[in-house]
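Structure assessment
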Amino acid sequence: MGTHRIQYEVLNSHNEAETGRIWDFEVHATVEELQAFEKRGYLIRENLFAGKALSALRDALERLDEREAEKRDRAMEGKKSWGFIPRYLMDKDEVFLSLLKFEPTLSIARAMMGPLIRLRGLSARISYPGNGRLHQTTWHQHLRVISNPLPPWFSRPHCIDTLIYLDDLNEKTGAVTLMPGSHNWLDREAPRKGTDSETYEPIEGEVELRVKAGSAVLIHGNLWHRALPTVSQKRRMLILSYTPTWLRKSPHGGPQPEDGLTQTFLEEADFEEKMLLGIGGYT
């Protein structure tokens, strides 16, 4: 994996303490990879986690799955389900909080969207096979508020979602399917929910990805994508999301835990850590 350095100057002499002035950092990607990411809307990182690092993430998610069994069972009612989607993971286990400043993905987010970045959240999706259930997802996007036609001064939202797969993606667990370039289709949206004949069906030009456990796929939040059915083996995925600091946090998953780990962490957090957790980084 290639790297390169980049430097940004934030033009905010009014309050440099809140945004910093000079950001100089190493990007865990080549210039050519970032150009392809911009065009296609996704970037693959094979074997980003391995060995003890991968095992730690798996174990932490299994502990959470057991603690929130009641929520999990409610989420899986019915024949079709997206599976269990626990949220606010950094508030629930130190292992997840360690991803706060994970440079292999954070540096790419800063290179693509500028240095003033916050975490929109860390969540997971666990899908289970069997028992008459069919766990898969429709075509969807994660961040979509585009007006059609575009107003003259419309501010287009950007988001990078890092899909970290803790299990192999294959025909047993359910591959992920992407529509390259769809994050730039500002005059249309993904097939709507409620029309099964469209929302679960292939689209001409789609790309099906099968990656090994520990790999990640970074996508623009508006890239059309779907998960194929989980057939015979459990499928576990983390979703580490980045946005510019001035975008509001994710509305999903109910209120943030009041006694979560991030609340204690913030008491001694530095400038960068506070920004990543939503404090500062904007005027």
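Use the structure listed above.
Residues numbered from 1 in each chain as written. Predicted model: local features only at pLDDT ≥ 70, side-chain atom pairs only at ≥ 80, totals over all residues. Heavy atoms only, no water.

Considering the sheet that holds strand β3 (residues 42-45)
Spelled out, the test is: Any two strands with at least two DSSP bridges between them are considered paired. Per the convention used, a helix needs a DSSP run of H or I reaching at least four residues, while a strand needs a run of E reaching at least two, with both numbered from the N terminus. Every axis in this analysis is a line fitted to C-alpha atoms, fitted for helices over the stretch in contact. Angles between the N-to-C directions lie between 0 and 180 degrees. Between two residues, a contact is recorded if the distance between any of their heavy atoms is within 4.5 Å.
The five strands lie next to each other as β3-β10-β7-β12-β5, forming an open sheet whose pairing is antiparallel. Since the sheet does not close on itself, it has two edges, and those belong to β3 and β5 (117-127), each with one partner. Taking the axes of each pair of neighbouring strands and ignoring which way they run, one obtains an average angle of 15° across the sheet. Across five bridges, strand β7 (residues 160-165) lies against strand β10 (residues 216-220) in antiparallel orientation. Within β10, the residue paired with Thr162 across the bridge is Leu218. Lying on the sheet, helix α3 (residues 51-67) is in contact with β5 and β12 (235-244); it crosses β12 at an angle near 100°. Here helix α6 (residues 103-113) sits on the sheet and contacts β3, β5, β7, β10 and β12; the angle it forms with β12, its principal contact strand, is near 40°.

Digging into the pattern of salt bridges
Which entries qualify depends on this criterion: By definition here, a salt bridge exists when the distance from a side-chain nitrogen of Lys or Arg to a carboxyl oxygen of Asp or Glu is within 4 Å. Buried, partly exposed and exposed residues are distinguished by accessible area as a fraction of the type maximum, computed with a 1.4 Å probe on protein chains only: under 20%, between the cut-offs, and over 50%, respectively.
Within the structure shown, the criterion is met by 19 salt bridges. Arg5 is the partner of Asp24 in a salt bridge, and the nearest nitrogen-oxygen pair spans 2.5 Å. Here Asp24, found in strand β2 (residues 22-27), pairs with Arg5, found in strand β1 (residues 4-9); they are 19 residues apart in sequence, far enough to count as distant. Glu273 is the partner of Lys101 in a salt bridge, and the nearest nitrogen-oxygen pair spans 3.8 Å. Of the two residues, Lys101 is situated in the loop between α5 (94-97) and α6 and Glu273 in helix α9 (residues 271-276); the sequence distance between them amounts to 172 residues. Relative accessible area serves as the criterion here: at 31%, Lys101 is assigned to the partly exposed category. Residues participating in the shared-partner salt-bridge network are Lys101, Arg110, Asp270, Glu272 and Glu273.

Some points on the nonpolar core
For clarity, the cut-off: Side-chain atoms within 4.5 Å are what join buried Ala, Val, Leu, Ile, Met, Phe, Trp, Tyr and Cys residues into a set we call a nonpolar core.
One finds Leu61, Met90, Phe96 and Leu238 to be the most contacted residues of the largest nonpolar core, which totals 48 residues. Formed by 13 residues, the second largest nonpolar core is a distinct cluster that contains Tyr165, Leu209, Ile219 and Ile239.

Here we look at the sheet that holds strand β11 (residues 225-227)
The three strands are arranged β9-β8-β11 in an open sheet whose pairing can be described as antiparallel. On the outer flanks of this sheet lie β9 (207-209) and β11, each paired with one strand and no other. For this sheet, the mean inter-axis angle between neighbouring strands, taken without regard to orientation, is 20°. Inspection of the sheet shows strand β8 (residues 176-178) paired to β9 by three bridges, in the antiparallel sense. Residue Val176 lies in a different strand from β9, and its bridge partner there is Leu209.

Topic: the packing of aromatic side chains
Rule in force here: Centres within 6.5 Å make a pair out of two Phe, Tyr or Trp rings, where for Trp the six-membered ring is used; the pair is then stacked when the planes are under 30 degrees apart, edge-to-face when over 60, and tilted otherwise. Charge-over-ring placement is defined geometrically: NZ (Lys) or CZ (Arg) within 6 Å of the ring centre, and within 35 degrees of the ring normal.
Following the criterion strictly, the structure yields four aromatic pairs and no others. Here Tyr8 and Phe25 contribute two aromatic rings whose centre-to-centre distance is 6.3 Å and whose plane-to-plane angle is 35°, an arrangement assigned as tilted. Linking Tyr8 in strand β1 with Phe25 in strand β2, this pair joins segments that are 17 residues apart in sequence. Consider the rings of Phe49 and Phe102, whose centres lie 4.8 Å apart with planes at 15°: the pair is stacked. With a gap of 53 residues between them, Phe49 in the loop between β3 and α3 and Phe102 in the loop between α5 and α6 connect regions that are remote in the sequence. Here Phe49 and Phe102 have matching classes, each one buried. Here the basic side chain of Arg40 rests over the ring of Tyr42, its NZ or CZ set 4.5 Å away from the ring centre.

A word on the packing of helix α2 (residues 31-40) against α6
Heads up, the rule is: Comment on the angle field: the value is read as roughly parallel under 35 degrees, roughly antiparallel over 145, roughly perpendicular from 65 to 115, and oblique elsewhere. For a crossing to be left-handed, the near helix must be turned anticlockwise from the far one by less than a right angle; the clockwise case is right-handed. All residues other than Ala, Val, Leu, Ile, Met, Phe, Trp, Tyr, Cys, Pro, Asp, Glu, Lys and Arg, Gly among them, are scored as polar; the first ten of these are nonpolar and the last four charged.
Where α2 contacts α6, the two axes come as close as 11 Å, and the packing angle between them is 70°. Taken together, α2 and α6 sit at an angle that is classed as roughly perpendicular. Along this stretch, α2 crosses α6, giving a crossing that reads as right-handed. Facing α2, whose interface residues are Leu34, Phe37 and Glu38, α6 presents Ile108, Ala111 and Met112. Along the lines of polarity and charge, the residues of the contact of α2 with α6 split into five nonpolar, no polar and one charged.

Looking at unusual backbone geometry
The step from Asn148 to Pro149 runs through a cis peptide bond, and the omega angle for that step is 5°. Along the chain, Pro149 turns up in the loop between β6 (134-135) and β7. At Asn47, a position not held by glycine, the phi torsion is positive, near 50°. Residue placement: Asn47 occurs in the loop between β3 and α3. The phi dihedral of Tyr88 is positive, around 55°, even though this residue is not glycine. Along the chain, Tyr88 turns up in the loop between β4 (80-81) and α5. Classification of Tyr88 by relative accessible area gives buried; the value is 18%.

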